[in-house]
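In case you want the letters, here they are:
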Amino acid sequence: MSETVAGPMPRPRRDDAVDRFEDRFDRVWAPPKGIRRVCAVNNSIVGRRFIVTGFFFFLIGGVLALLMRTQLLVPENGFLSAELYDQLFTMHGTTMMFLFAVPIMEAFGVYLIPAMVGAHDMAFPRLGAYGYGCFLLGGILIYSSFIVGSVPDGGWFMYVPLTSIEFSPDKSQDFWLLGVTFVEIASITGAIELIVTILKMRAPGMSLDRMPIFAWYMLAVSFMIVFGFPPLVLGSILLEVERTFGLPFYDVARGGDPLLWQHLFWIFGHPEVYIIFLPAAGLVSAMLPSFARSPLVAYHLVVLAVIGTAFLSFGLWVHHMYATGIPRLALSFFAGASLAVAIPSGIQVFAWIATLWNGRPRLQTPLLFIIGFILIFVIGGLTGVMVAMVPFDWQVHDTYFVVAHFHYVLIGGMVFPLFAAFHYYLPRATGRMLAEPLGKLSFWLMFVGFNVSFLPMHLTGLLGMPRRVYTYPEGIGWDGLNLTSTLGAYVVGAAVLVFLANVAFSVFRGRDAGTNPWEADGLEWGSRSPVPPYNLRSIPPVRSRHPLWDEPDLPRRIQNAEEYLGTAPEGKRESMVTTVVGGAPEYVIRLPHPTFVPVLAAIATGAMFVGLLVSAYAVTAAGAAALLAVLLAWWWAPAPEKPTKDAGRGLTLPIELGDRRSAGWLGAVVFLFVDLSIFLSLVYSYFYLWTAAELWPPLGSAPSVGAPVVTTALLLALSLPAAWLTTRAVGRGRRALAAVALAAAAVALVLMLLAEDAVIGSLPFRIDVHAYGAVVFAMLVFHAVHAAAALGATLFALARIAARGVDPERTLAARVAALLTFYAAAQGAIVLAVIYLTGAPS
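Residues numbered from 1 in each chain as written. Predicted model: local features only at pLDDT ≥ 70, side-chain atom pairs only at ≥ 80, totals over all residues. Heavy atoms only, no water.

A. Inspection of the overall build of the protein at higher detail. Scanning the protein from terminus to terminus reveals 25 helices and four strands. Taking 2.2 N^0.38 as the reference for a compact globule, 842 residues should give roughly 28 Å; the C-alpha atoms of the protein span a radius of gyration of 28 Å, in line with that estimate. Its C-alpha atoms give the protein principal-axis dimensions of roughly 85 × 80 × 50 Å. The contacts in the protein between residues at least 6 apart in sequence include a share of 82% that link residues at least 24 apart. Only carbon and sulfur atoms are counted for the fraction: they give 70% of the accessible area of the protein, which is about 30,800 Å². Of note, the protein has its 53 positive side-chain charges centred 11 Å away from the centre of its 52 negative side-chain charges. (Helix = DSSP H or I, 4+ residues; strand = E, 2+ residues; numbered from the N terminus. Rg over C-alpha atoms; globule rule 2.2 N^0.38 Å. Contact = heavy atoms within 4.5 Å. Areas by Shrake-Rupley, 256 points an atom, 1.4 Å probe, with all protein chains shown as cover. Lys, Arg positive; Asp, Glu negative; His and termini not counted. Charge placed at Lys NZ, Arg CZ, Asp CG, Glu CD.)

Quick look at the structure:
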């Protein structure tokens, strides 16, 4: 294609002949009304809910920041007490990191990715709705701590031992541990469905090489969430168990180590910085060509840079622990990794600059925010290189220099692109343009206010002001700098108010957006504005990376249902599943209609967490039982009324495949990656505590290999052939053999659970005396839970076979049951090897 694109995109011409079909299609995809609106599941509604809720938490976090800055306005200020200040900075950081930054970036993926890749919806719409329920209820749970007067005050990082039961005996830290874990369910479920949607729901012809650049960013980020969030989930669970039941994972006096918490937290924490930055950078890469009127320069290099950033981000966590006494050799490795990550970031920055240089930029409000982002992020990156150097970091560690650095990275690297995306994509949601004068005013207020607020903090830190202090003495050189920073924060607050006024004005009085107001190149602008619930009226074949630029008539063909799946004769919501690499059509996936199932699942999950918080374990058990019942109703999907259908353009496809080609199979595999990350974090905890202990295990605590252990190992081995035979039988359509194999697997799993209970009963130690006993018990219980899950999946598959027989192309339940059995067996073998091959006293 040509290097520049000029001229507005034409509005799609509506053919009267298609109006009748469109009315029926609209009815199938119409969101429910009234109270039933809460049961909407399509991505355009769920994504908007995520974005609005995340922005609301941003406003709350911003108010908390202004209160803290007001306290620091002058020396020895009494505006806030020390206790309240601790609570506010804890809740500010928690809100911005867990309730705003990650959820709202993921929300843009949920909202935009289906349209960008040419799908009618996400692969698992109910999972997205469930995730939103967990996000909302988790946020409410965290902030309900203000109502009961037990607000978390241990910092957004919850360092032990300050947050242990000895130093925080009330429920304040429990609100944080349980609330954040609840919220993280939303991030993990969002990552799973984004991975499956991007890999399996792309339009025909959209190979990996033609994927929108934002999809590459979200794919990398989703895998980072899959492997990065579980360590914090595990760390939070271990700390909550220590606080509630006394198992000493972090207690030095009983063989634990508080640095284990820091390792688990920052294994999550530093990838999280890039989990926040990369989606924002992806939005920049997606928006920039519209204003440069030129394709993104070095597409393939940018993709490699994104993958490189995702990979390197997992080698940086000790960057936050330079002052903890880690050996110098290890510090050198992590310092090198911290410097290396600047290379892929630099590739992206130069690609953006080259794209602007290569085109004819239009200086509209979104581009202003993008330019501001590049300038501020580069400054944050330079200070990042500084703190990556160990000697310098030792000097500025826990000073306001670090506060300035990470706000330049996070606000510059995320908030500025976010506001660019608001101005760019809000017309897609509302059908009306934001006012340019107000948009430019909000940009300049935010850009000036941000730099006035945070640039002086570099000097404040170099002058020695520690972070997290609620006041400071007069006359030591910090007075004027803190005054300046506070005034700048007020200006940033004014910028947000101007933006909100702009949104309110545009909703009622804004100029009509029409179709593709930015003359963009991506499919997300291939439909009318505001976007309908199904994103695109029909699914087009994709022949290039810039479909709307290369085929100007494409929006008309999409809207007139001239492409794939443009009608709904069966009254079902449908989209297309394609191959992972080439984007070749595979089958038609049936998507759920509005349902209360995700809402009920989120409420049941919330009951479990509330029961744990108030130590009402009967409530937890009732919530778990209710969740199990809801999940059974969720998974028992009806069989399609026919095996194939006409997808349009002369293409006939199967309906709802359930083998290894299916979206459900890939979703199950990705979920196991999440679980594997938790398990490996638990094994890591065992070996880390081993290296930190003087004697591991303690004298008299070494377990012996008795009959229960041998029996468990044999049953683990026997479950494997049963699982293998299950996959072979269902693949060949042999109902009786599949039932026998599943029954054999179920018997092996039941006996395995009984044997493992005997193993736990034979342990020669109390689990609350030493960290060794606690972590061994945790591994055994972890495996028992997974064996029980495999048993449940096996019984579910047996019920499906009994009710429907075996269709070789629709055997997902049996295949997932076999997969879980394989996984539980492998996990059990590792647990036994870790405990009994490393359990001899040293």
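Don't stop here, the text continues.
B. Here's a closer look at the pairing of strand β3 (residues 644–648). By the bridge criterion, four bridges tie β3 to strand β4 (residues 651–654) in an arrangement that is antiparallel. Looking at the pairing, Lys645 lines up with Leu653 of β4. Counted along the chain from β3 to the antiparallel partner β4, the turn is two residues long, and its residue Arg649 has a positive phi close to 55 degrees. (Pairing = 2+ DSSP bridges.)

C. Focus on the pattern of salt bridges. Taken as a whole and judged by the stated rule, the model has 23 salt bridges. Among the salt bridges present, the one from Arg545 reaches Asp209, with a minimum N-O distance of 3.4 Å. Highlighted residues: Arg545 in the loop between α16 (479–509) and α17 (547–550) and Asp209 in the loop between α6 (172–200) and α7 (213–245), separated in sequence by 336 residues. Accessibility expressed as a relative area gives 39% for Asp209, which makes it partly exposed. Here Arg254 makes a salt bridge to Asp251, at a shortest N to O gap of 3.0 Å. One salt-bridge network, in which partners are shared between bridges, spans Glu570, Glu574, Arg590, Glu641, Lys642 and Lys645. (Salt bridge = Lys/Arg side-chain N within 4 Å of Asp/Glu carboxyl O. Buried < 20%, exposed > 50% of the residue type's maximum accessible area, 1.4 Å probe, protein only.)

D. How the structure looks around the confidence of the model for the protein. In this model, the protein carries a mean pLDDT of 93, and residues with pLDDT of at least 70 account for 97%. Throughout residues 1–12 the model reports pLDDT below 50, and contacts reaching past four residues in sequence, or to other chains, amount to 31 contacts. (pLDDT = per-residue confidence, 0-100.)

E. Spotlight on the domain arrangement of the protein. In terms of domains, the protein is made up of domain 1 (42–509) and domain 2 (663–838). On a C-alpha basis, the centroid separation for the pair domain 1 and domain 2 is 36 Å. With 28 residues of domain 1 at the interface, the matching set in domain 2 holds 26 residues. Summed over both partners, the interface of domain 1 with domain 2 comes to about 2,200 Å²; 79% of that surface belongs to carbon and sulfur atoms. Applying the counting criterion to the domain 1 and domain 2 interface returns five residue pairs in polar contact (both at pLDDT 80 or more). (Domains from an automatic or database assignment. Buried area = accessible area lost by both parts, 1.4 Å probe. Polar contact = N/O pair within 3.5 Å; in protein donor to acceptor, adjacent residues only side chain to side chain.)

F. Spatial organisation of the side chain of Ser506. Topologically, Ser506 is positioned in helix α16. A distance of 3.0 Å separates the side chain of Ser506 from the backbone oxygen of Val503, its partner in a polar contact. Those residues in contact with Ser506 that sit more than four places away from it in its chain are Arg432, Met433 and Leu434.

G. Expanded view of a nonpolar patch on the surface. On the surface, Ile35, Val38, Phe596, Leu600 and Ile603 cluster together into a nonpolar patch covering about 470 Å² of accessible area. When you line up the elements, Ile35 lands in the loop between α1 (19–29) and α2 (43–71). Judged by its relative accessible area of 69%, Ile35 is exposed. (Patch = residues over 30% accessible without salt bridge, like charges linked within 9 Å, V, L, I, M, F, W, Y side chains within 5 Å.)

H. Seen up close, the packing of aromatic side chains. Considering all chains together, one arrives at 73 aromatic pairs under this definition. For the ring pair Tyr143 and Phe146, a centre distance of 5.7 Å and an interplane angle of 20 degrees mean the geometry is stacked. The exposure class of Phe146 is partly exposed, given its relative accessible area of 34%. Ring geometry for Tyr684 and Tyr688: centres 6.1 Å apart, planes at 25 degrees, overall stacked. Of this pair, Tyr684 and Tyr688 both sit in helix α21 (residues 663–692), four residues apart, roughly one helical turn. You can call Tyr684 partly exposed: its relative accessible area is 27%. (Phe/Tyr/Trp six-rings, centres within 6.5 Å; stacked < 30°, edge-to-face > 60°.)

I. A look at the state of the cysteines. In this structure the tally under the stated criterion is zero disulfides. Cys39 carries a free sulfur, and the closest cysteine sulfur to it, the one in Cys134, is 17 Å from it. (Disulfide = S-S within 2.5 Å.)

J. Main features of the nonpolar core. In terms of nonpolar packing, the biggest core is built from 269 residues, with Ile104, Phe108, Trp261, Trp352, Met414, Phe419 and Tyr425 touching the most fellow members. Ranked by residue count, the leading element in this core is helix α8 (residues 258–292), at 22 residues. Two domains each provide a minimum of three residues to this core, namely domain 1 (42–509) and domain 2 (663–838). In contact with Trp352, other than residues within four places in its own chain, are Tyr217, Phe277, Ala281, Val284, Ser285, Leu288, Leu296, Phe373 and Ile374. (Core = buried A, V, L, I, M, F, W, Y, C linked by side-chain atoms within 4.5 Å.)

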